[in-house]
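# Overview (structure and organization)
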Amino acid sequence: MKPLNPLLLAVVGLALAIAGWSAAVLGSRYGMATPVLPPTGLVTMGVIVVLTLVMGIRVLRWRNGKKKKMLNPFLAAWTLVLAQACAYTGAMLLGWHAGIFVQLLQIWSLRNSQELTWLALGMAGGGLVMIIVGLVVERFCRIPPEDGDADSAKGLPGPRPGKAKGEGEYAYRGD
């Protein structure tokens, strides 16, 4: 798998911020409800973050040699996929709710209750936490290079002949 690209996460977040802002503007213009997740969404985000961290710490402990038992390769792959999904979902939630938060700030003085504004801010903060945890756990899943695997340290320009692009990031396939 390819590592997460923070620029792509930023683009996803920005696109959804524009979409969230537009949805909030159109919703308020036509008298519809503001499209914010309910407070139980924060609980769900917390469960996902804790699960991702627990699985990531298991992989990290194995990688650092603190576990004698062999790590299930499917567990490691699921952990990596979960970390990346957590980061992308966090970028989407952060962008959407940040856009809504910006629109709600524009009409701050016109509203009697600011519950939706604080909820949108909380959801955006939860999305940011999901991004951070996803990126950290993804780093946990990286396999350190083996001895003799450092091409640039030997003075060789670029990868060895026959070495696939992107190799040595998460797994090594000895074809």
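Given the structure is predicted, the values throughout are model-derived calculations rather than measurements. (Residues numbered from 1 in each chain as written. Predicted model: local features only at pLDDT ≥ 70, side-chain atom pairs only at ≥ 80, totals over all residues. Heavy atoms only, no water.)

## Focus on the overall build of the protein chain
Assigned secondary structure in the protein chain consists of four helices and zero strands. In the protein chain, the proportion of contacts linking residues at least 24 apart, taken out of those at least 6 apart, comes to 80%. Within the structure as shown, the protein chain displays about 11,200 Å² of accessible surface, and the carbon and sulfur contribution to it stands at 68%. (Helix = DSSP H or I, 4+ residues; strand = E, 2+ residues; numbered from the N terminus. Contact = heavy atoms within 4.5 Å. Areas by Shrake-Rupley, 256 points an atom, 1.4 Å probe, with all protein chains shown as cover.)

## Considering the pattern of salt bridges
Inspection of every chain in the model, using the stated rule, returns one salt bridge. In this structure, R139 engages E138 in a salt bridge whose closest nitrogen and oxygen atoms are separated by 3.7 Å. (Salt bridge = Lys/Arg side-chain N within 4 Å of Asp/Glu carboxyl O.)

## Concerning helix 2 (residues 40-63)
Between its terminal C-alpha atoms helix 2 stretches 35 Å, which fits the 34 Å expected from 24 residues at 1.5 Å a residue. Close packing links the buried residues of helix 2 with helix 3 (73-106) and helix 4 (115-140). Of the residues one or two after helix 2, G65 is the one with positive phi, at around 85°. (Expected span 1.5 Å × (residues − 1).)

## Thoughts on the nonpolar core
Ranked by size, the top nonpolar core spans 18 residues in total, and within it V36, M45, I100, A120, M130 and V137 carry the most contacts. Those elements that provide at least two residues to this core are helix 2, helix 3 and helix 4. The element that contributes the greatest number of residues to this core is helix 4, accounting for seven residues. Contact partners of M45, with chain neighbours within four places excluded, come to L93, M123, G126, G127 and M130. (Core = buried A, V, L, I, M, F, W, Y, C linked by side-chain atoms within 4.5 Å. Buried < 20%, exposed > 50% of the residue type's maximum accessible area, 1.4 Å probe, protein only.)

## Some words on the packing of aromatic side chains
To describe a pair of aromatic rings, one takes the distance between the centres and the angle between the planes. Using the criterion set out here, one finds one aromatic pair in the structure. Plain terms: the ring middles of F74 and W78 are 6.4 Å apart, the flat faces sit at 35° to each other, and that makes the pair tilted. Of this pair, F74 and W78 both sit in helix 3, separated by four residues, roughly a single helical turn. Judged by relative accessible area, W78 falls into the exposed class, the value being 56%. (Phe/Tyr/Trp six-rings, centres within 6.5 Å; stacked < 30°, edge-to-face > 60°.)

## Some remarks on a nonpolar patch on the surface
The grouping of L105, W108, W118 and L121 at the surface amounts to a nonpolar patch, some 400 Å² of accessible area in total. Assignment of secondary structure puts W108 in the loop between helix 3 and helix 4. (Patch = residues over 30% accessible without salt bridge, like charges linked within 9 Å, V, L, I, M, F, W, Y side chains within 5 Å.)

## Side note on the environment of I143
Mapping I143 onto the fold places it in the segment after helix 4. Taking the C-alpha atoms as reference points, I143 and R63, separated by 80 residues in sequence, lie 7.2 Å from one another.

## Brief notes about the packing of helix 1 (residues 6-29) against helix 3
The interhelical angle for the contact between helix 1 and helix 3, taken along N-to-C directions, is 40°, at an axis separation of 7 Å. When the axis of helix 1 is compared with that of helix 3, the two are oblique. Where helix 1 crosses over helix 3, the two elements pack in a sense that is right-handed. Here the residues of the contact of helix 1 with helix 3 are counted per class, giving 17 nonpolar, seven polar and no charged. (Axes fitted to C-alpha atoms, helices over the stretch in contact; angles between N-to-C directions. Parallel < 35°, antiparallel > 145°, perpendicular 65-115°, else oblique. Left-handed = near helix turned anticlockwise from the far one by under 90°. Nonpolar A, V, L, I, M, F, W, Y, C, P; charged D, E, K, R; others polar.)

## Quick notes on the confidence of the model for the protein chain
For the protein chain, the average pLDDT comes to 84, and 81% of its residues sit at 70 or higher. Taken as a whole, residues 152-156 scores under 50 in pLDDT and shows two contacts with residues more than four places along the chain or in a different chain. (pLDDT = per-residue confidence, 0-100.)

## Observations regarding the side chain of Q103
Assignment of secondary structure puts Q103 in helix 3. Exposure remark for Q103: the relative accessible area of 5% places this residue in the buried category.

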